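# Fold and geometry: a report
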Amino acid sequence: MHLLGPSLLLLECLAVSGSPSWTFDHPNILYAWEGACLWIPCKYTISGNTVPNMDNLTVYHNFVYNNGTKDFNGIILYRKTKTEESLPQKRVKFLGDNRSNCTLLIHPVQAQDNGQLGLRMTSGTAKWMEPIALNISETAPAPHIQLPPEIQEFQEVTVTCLLNFSCPGDEIKLKWSLGELLSPELDSVTSTSLTLQAVYTQSKLTFQAEWHHHGKNLTCQLWNDTAPGLLSQGTVRLDVKHSPKEVTTVIQNPSPIREGDTVTLSCNYTSSNPSVTRYEWSPPGSWNDPATGVLMIQKVAWNAEPFRCAACNQWCSWAPAVNLHIQYAPKGVKILPITPHSEIRSGHQVLLRCDFSSSCPSDVRFFWKKNGILLQEGRELSFDSISPEDAGNYNCLVNNSIGQSTSEAWMLQVLYKPRRLRVSISPKDSVMEGQTAVLTCEGDANPPISQYTWFDWNNQDLYHYDQMLRLDPVNVQHSGAYWCQGTNRLGVGQSPPSTLTIYYSPETISKRVALGVGLCLAVLLLAFWGIKFQRNWKRIQSQQEAQENSSGQSFFVRNKKVRRHPLSEGPHSLGCYNPVVEDAVNYAVLNFPVGETDRPRTGDAGTSEAQRPSLSRDNTVTYSVVKKHQVGDYENVTPEAPEAPEDEGIHYSELVHLGLGERPLVQDTVEYVTLKH
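Predicted, not measured: the structure shown is a model, and the values here were computed from it.

### Structural notes on the overall build of the protein chain
Per the secondary structure count, the protein chain includes two helices and 49 strands. Counting every atom, the protein chain has about 38,800 Å² of accessible surface; 52% of that belongs to carbon and sulfur.

### Considering the state of the cysteines
In total, this model carries seven disulfides according to the counting rule given. Each sulfur of the disulfide joining Cys-37 and Cys-167 lies 1.6 Å from the other. A residue pair is termed long-range when its members are at least 10 positions apart, and Cys-37 in the loop between β2 (29-33) and β3 (38-40) and Cys-167 in the loop between β14 (156-163) and β15 (172-178) qualify at 130 residues. Accessibility expressed as a relative area gives 2% for Cys-37, which makes it buried. A sulfur-sulfur separation of 1.6 Å characterises the disulfide bridge that pairs Cys-161 with Cys-220. Of note, the bridge from Cys-161 to Cys-220 carries an S-S torsion of about -90° and is left-handed in sense. Of the two residues, Cys-161 sits in strand β14 while Cys-220 sits in strand β19 (residues 217-224), which places them 59 residues apart along the sequence. On the accessibility criterion, Cys-220 (0% relative accessible area) is buried.

### Here's the deal with the nonpolar core
Counting 57 residues, the largest nonpolar core has Leu-38, Ile-40, Met-121, Trp-176 and Leu-218 as its most contacted members. At five residues, strand β11 (residues 126-137) tops the list of elements feeding residues into this core. The residues touching Leu-218, leaving out its near neighbours within four places in the chain, are Ile-145, Leu-147, Val-159, Trp-176, Ser-177, Leu-178, Leu-205, Gly-234, Thr-235, Val-236 and Leu-238.

### A short note on the side chain of Ser-495
Inspection of the secondary structure assignment puts Ser-495 in the loop between β46 (491-494) and β47 (498-503). On the basis of relative accessibility, which here comes to 4%, the residue Ser-495 falls in the buried class. A polar side-chain atom of Ser-495 sits 2.9 Å from the main-chain amide nitrogen of Cys-484. Apart from residues lying up to four places away in sequence, Ser-495 is in contact with Leu-421, Arg-422, Val-423, Trp-483 and Cys-484.

### Some thoughts on unusual backbone geometry
Pro-256 follows Ser-255 through a cis peptide bond whose omega is 0°. In this fold, Pro-256 is placed in the loop between β22 (248-251) and β23 (257-258). Cis geometry is adopted by the peptide bond preceding Pro-427, which originates at Ser-426 and carries an omega value of 10°. Turning to its location among the elements, Pro-427 is positioned in the loop between β40 (416-426) and β41 (430-432). Positive phi, close to 50°, is recorded for Lys-299, a residue that is not glycine.

### Details of the pattern of salt bridges
Enumeration over the complete set of coordinates arrives at 15 salt bridges. Residue Arg-278 pairs with Glu-280 through a salt bridge whose shortest N-O separation is 2.5 Å. You can call Arg-278 partly exposed: its relative accessible area is 33%. When its relative accessible area of 28% is taken as the criterion, Glu-280 is described as partly exposed. Bridged by salt links that share partners, the residues Glu-389, Arg-419, Arg-420 and Asp-444 form one connected network.

### Digging into the sheet that holds strand β13 (residues 151-152)
The three strands lie next to each other as β13-β21-β25, forming an open sheet whose pairing is mixed. Each edge of the open sheet carries a strand with a single partner, namely β13 and β25 (271-273). Note that strand β21 (residues 240-245) and β25 share two bridges and pair antiparallel. Directly across from His-242, in β25, lies its bridge partner Asn-273.

### Let's talk about the packing of aromatic side chains
For the structure on display, the rule yields 14 aromatic pairs. Relative to Phe-72, the ring of Tyr-65 has its centre 5.1 Å away and its plane inclined at 65°; by these criteria the two rings are edge-to-face. The pair Tyr-65 / Phe-72 is uniform in exposure class, with both members buried. Summarising the aromatic geometry, the rings of Tyr-78 and Phe-94 are spaced 6.1 Å apart at their centres and angled 25° between planes, so their arrangement reads as stacked. Linking Tyr-78 in strand β6 (residues 71-80) with Phe-94 in strand β8 (residues 92-94), this pair joins segments that are 16 residues apart in sequence. Classification of Tyr-78 as buried rests on a relative accessible area of 0%.

### Looking at the pairing of strand β44 (residues 468-471)
Burial along β44 is one-sided: Leu-469 and Leu-471 are buried, and none of Met-468 and Arg-470, which face the opposite way, are. Note that strand β42 (residues 437-446) and β44 share four bridges and pair antiparallel. Pairing of Thr-440 across the sheet is with Met-468, part of β44.

### Considerations on the sheet that holds β44
Reading across the sheet, the three strands line up as β40-β42-β44 and stay open at both edges, with antiparallel pairing between neighbours. Strands at the two margins of the open sheet, each flanked by one partner only, are β40 and β44. If you compare each strand with its neighbour and ignore which way they point, the axes differ by 10° on average. Pairing between β40 and β42: seven bridges, direction antiparallel.

### With respect to the environment of Asn-53
Following the sequence through the fold, Asn-53 ends up in the loop between β4 (43-47) and β5 (56-66). Expressed as a C-alpha distance, the spacing of Asn-53 and Ser-123, which sit 70 residues apart in the sequence, is 6.0 Å. Among residues more than four places away in sequence, those in contact with Asn-53 are Ile-46, Asn-98, Arg-99, Thr-122 and Ser-123. Reaching out from Asn-53, the side chain makes a polar contact with the side chain of Arg-99 at a distance of 3.2 Å.

### Here we look at the pairing of β47
Of the two faces of β47, only the one carrying Ser-498, Leu-500 and Ile-502 is buried; Thr-499, Thr-501 and Tyr-503 on the other face are not. As paired elements, strand β45 (residues 480-488) and β47 share three bridges and run antiparallel to each other. Looking at the pairing, Ala-481 lines up with Thr-499 of β47.

### Focus: the environment of Leu-469
Tracing the backbone through its elements, the reader meets Leu-469 in strand β44. For Leu-469, a relative accessible area of 8% gives the class buried. In this view, Leu-469 contacts Ala-437, Val-438, Leu-439, Trp-454, Leu-462, His-464 and Tyr-482; residues no more than four positions away in its chain are not counted.

### Looking at the confidence of the model for the protein chain
Across the protein chain, the average pLDDT comes to 79, with 75% of residues at or above 70. Helix α1 (residues 4-15) is the least confidently modelled element of the protein chain, averaging 43 in pLDDT, while strand β34 (residues 365-370) averages 96, the highest of any element. Note that residues 1-17 has pLDDT below 50 and, in this model, 20 contacts with residues that lie over four places away or in other chains. The low-confidence segment residues 551-587, where pLDDT is below 50, has 72 contacts with residues more than four positions distant or belonging to other chains.

### Some remarks on a nonpolar patch on the surface
A grouping of Tyr-504, Ile-509, Val-513, Val-517, Leu-521 and Leu-524 is seen on the molecular surface, where their side chains present a nonpolar patch of about 530 Å² in accessible area. Looking at the secondary structure, you find Leu-521 in helix α2 (residues 506-548). Relative accessible area serves as the criterion here: at 46%, Leu-521 is assigned to the partly exposed category.

Cut-offs applied
- Residues numbered from 1 in each chain as written.
- Predicted model: local features only at pLDDT ≥ 70, side-chain atom pairs only at ≥ 80, totals over all residues.
- Heavy atoms only, no water.
- Helix = DSSP H or I, 4+ residues; strand = E, 2+ residues; numbered from the N terminus.
- Areas by Shrake-Rupley, 256 points an atom, 1.4 Å probe, with all protein chains shown as cover.
- Disulfide = S-S within 2.5 Å.
- Buried < 20%, exposed > 50% of the residue type's maximum accessible area, 1.4 Å probe, protein only.
- Core = buried A, V, L, I, M, F, W, Y, C linked by side-chain atoms within 4.5 Å.
- Contact = heavy atoms within 4.5 Å.
- Polar contact = N/O pair within 3.5 Å; in protein donor to acceptor, adjacent residues only side chain to side chain.
- Salt bridge = Lys/Arg side-chain N within 4 Å of Asp/Glu carboxyl O.
- Pairing = 2+ DSSP bridges.
- Phe/Tyr/Trp six-rings, centres within 6.5 Å; stacked < 30°, edge-to-face > 60°.
- Axes fitted to C-alpha atoms, helices over the stretch in contact; angles between N-to-C directions.
- pLDDT = per-residue confidence, 0-100.
- Patch = residues over 30% accessible without salt bridge, like charges linked within 9 Å, V, L, I, M, F, W, Y side chains within 5 Å.

Right, dumping it as structure tokens:
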């Protein structure tokens, strides 16, 4: 409906060919509110007219074109002709002229003024209707706040509060508020515009954006100094781009944290725009996971460094380092020898101290162990006069409420001269002759014994300087006491004597027993034979004396148990007993009487020159029979064992006639005498 008037006016103008042209310049739309004033800047030009002056001006409100009358109808707010000026509502003032200025002032403006004004102008026969849009509200419109496309922290920002209204003489002000900050704390500049292009009032606020401005409301308020005060306000929420703020590393574990515990840390922040996209942790480790703000540390070390995290969007913000305050058992426990500073010798005064590098908590206790056995409590261990028995592995123990730590074993070496020397004999103290005996000089010394010296039971130096004295093989002469002497750089030690006993071997004992028994038997035999010889000698003497008084022949009569009977004829061969050589090689001398018929025979065995007729030798033959005696062959021999075969081992001699004449040969069955050896 509002467009109908201009269309008709345009048709009207086009219908008149050769008519002058009108040019208007003013804001497209004007804003105001009820009770305020409305300034309408306007400028016009008439071209092609012989008289470029305006003759008549009529201001319509919400005008319409009437086709019947070929004119416009509407509420007339103002009318002016060449001769008169009509103010029907007395609220509209024409501030222009009839040549180019068509500015109007409406005061006070009413809400029903909202719509369209029409400026109907004529100049001669030329006519024109110029529409002007009005936006009249019951209350003052809210100012419009213009922000930069992006606001970053630490950036200087200028924002504009714009109100499309301005009217001279109308006391209005634009005031800013940012959070709790109000004007005049904020630096702002207010300006107005009443130009043909725009009518407005604006205020520019310049400030340095801070991260805490993010999310806060920036407000521009329209104030009237008279009444009723605050008219309207416009508010925007600031979007300040900033890195994560107030980043902190938070320990999630309950305190205290002990060495070896699992520790959970979280990375927190209060504000970030844009949102946090990743996290970083320091010190770096295998646990890093940029995608999460929670860090889990497995088996935390006692000397773990302080941790800190960073929350990152397009910027990274690092949190202050946080110390885990890990509690742990004492560390770096060691033994410090205080005195002496050189080597430790038997009898010296020794002082040891237990030391450690750190402990959390710091309240500690000290203990000492020797070879794993608890000695005493205290930080220091002292020896007034140290002995070799004090040598060993010492440990210092330091404990606190968390645990106990032990130092490395500290070897306490006590130097001393050789002592407790003794001689050990292997395999044992008593050794059989022919075997091996090893004598070892054993002793205690530090530094070890460098030289050994061996002595025998006569304290004679054996010139053997090894630890072992080897006797191989041993004999009875090695029996005796041995002792040794040990030497190191601190002195000499001596062992007590140890006795080595060598006994005979069974072979030697057998030989010596056999020899002894043989000697005894020999002595007994000699005694026996001596006695027997003496008796026999006496008997022989007595028999010789008897024989000298007799015929000089001795016969020994055989036992009656004979197996062979002598021949009845011929002379008997009798055995003669010689008591002198009993049990030896016996022989008999047989004397035969010489007969007249005896003749010597040449070539007979046993004949010699000695067999001449003689009383003592011519008729005598000597023969021997060697035979193991047969018990029972003689009457004066008592049998002691069963009779053996008579013919065993019998040797005999054949008897011949030793006379001058022939003697009949004795038959083979001649009896003979068997002599016993």
